[in-house]
Amino acid sequence: MYSILALSLIGLNTIFQLSLPPALAQRTQSRGESSECTVALQNARSKMEKGTKVKVVEMRKFDIRQREYTDYPKNRPFGYGFKLSGSEVESTMNSIEFLKSISTDVTKNCKTVSMVTFNQDKTHWVTTYGLIDENTVRGFKCVAPDSSTKITWGYVICI
């Protein structure tokens, strides 16, 4: 019984992986992502690109433990960053609810992810969203750079 269920799940995962563009399927599979996470990442890319003049030129997973935060959700030490280009990136970057929706979907389906960033390619414009409690994702608030203040979860230094 369990072996049939396991084989069925492996088969479903293979179907999901085969339905993705080869580069994305390979990257997410090599990162050890669940099929739900892989689908959420593909959906994020599709939502940003479909019917717009926006291209996701890079999607990368990063380790939050390598950053300044010490109070991040400990059971979710990773984030995903989307680098965007195209003539409609500015309107996408200013769409707070749209980016929050994508971030919520990614954190909901990627069980080790607590942060999602969006960056306009070849600029320093980055918008950050993160998991504030078990069910709430919100945009991080900007604080001015100050060497005496330690940055805490939910805030990002803005210049």
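Residues numbered from 1 in each chain as written. Predicted model: local features only at pLDDT ≥ 70, side-chain atom pairs only at ≥ 80, totals over all residues. Heavy atoms only, no water.

1. Considerations on the state of the cysteines
To keep it simple, the criterion reads: Two cysteine sulfur atoms make up a disulfide if the distance between them is within 2.5 Å. Only DSSP runs of H or I with at least four residues qualify as helices, and only runs of E with at least two residues qualify as strands; both kinds are numbered from the N terminus onward. Only protein chains enter the area calculation, which uses a 1.4 Å probe; residues under 20% of their type maximum are buried, those over 50% are exposed, and those in between are partly exposed.
The tally for this structure, following the rule as stated, stands at two disulfides. Paired by a disulfide, C37 and C110 hold their sulfur atoms 2.0 Å apart. Judged by the sign of its S-S torsion, about 90°, the bond between C37 and C110 is right-handed. Separated by 73 residues along the polypeptide, C37 in helix α3 (residues 35–49) and C110 in the loop between α5 (96–109) and β3 (113–120) bring together distant segments of the chain. C110 sits in the buried class, given a relative accessible area of 1%. Note that C142 is cross-linked by a disulfide to C158, the S-S spacing being 2.1 Å. Given an S-S torsion of about -60°, the disulfide between C142 and C158 has left-handed geometry. With C142 in strand β6 (residues 141–143) and C158 in the segment after β7 (155–157), this residue pair connects regions lying 16 residues apart in the sequence. The connectivity of the disulfide-linked cysteines in the chain, indexed sequentially, is 1-2, 3-4.

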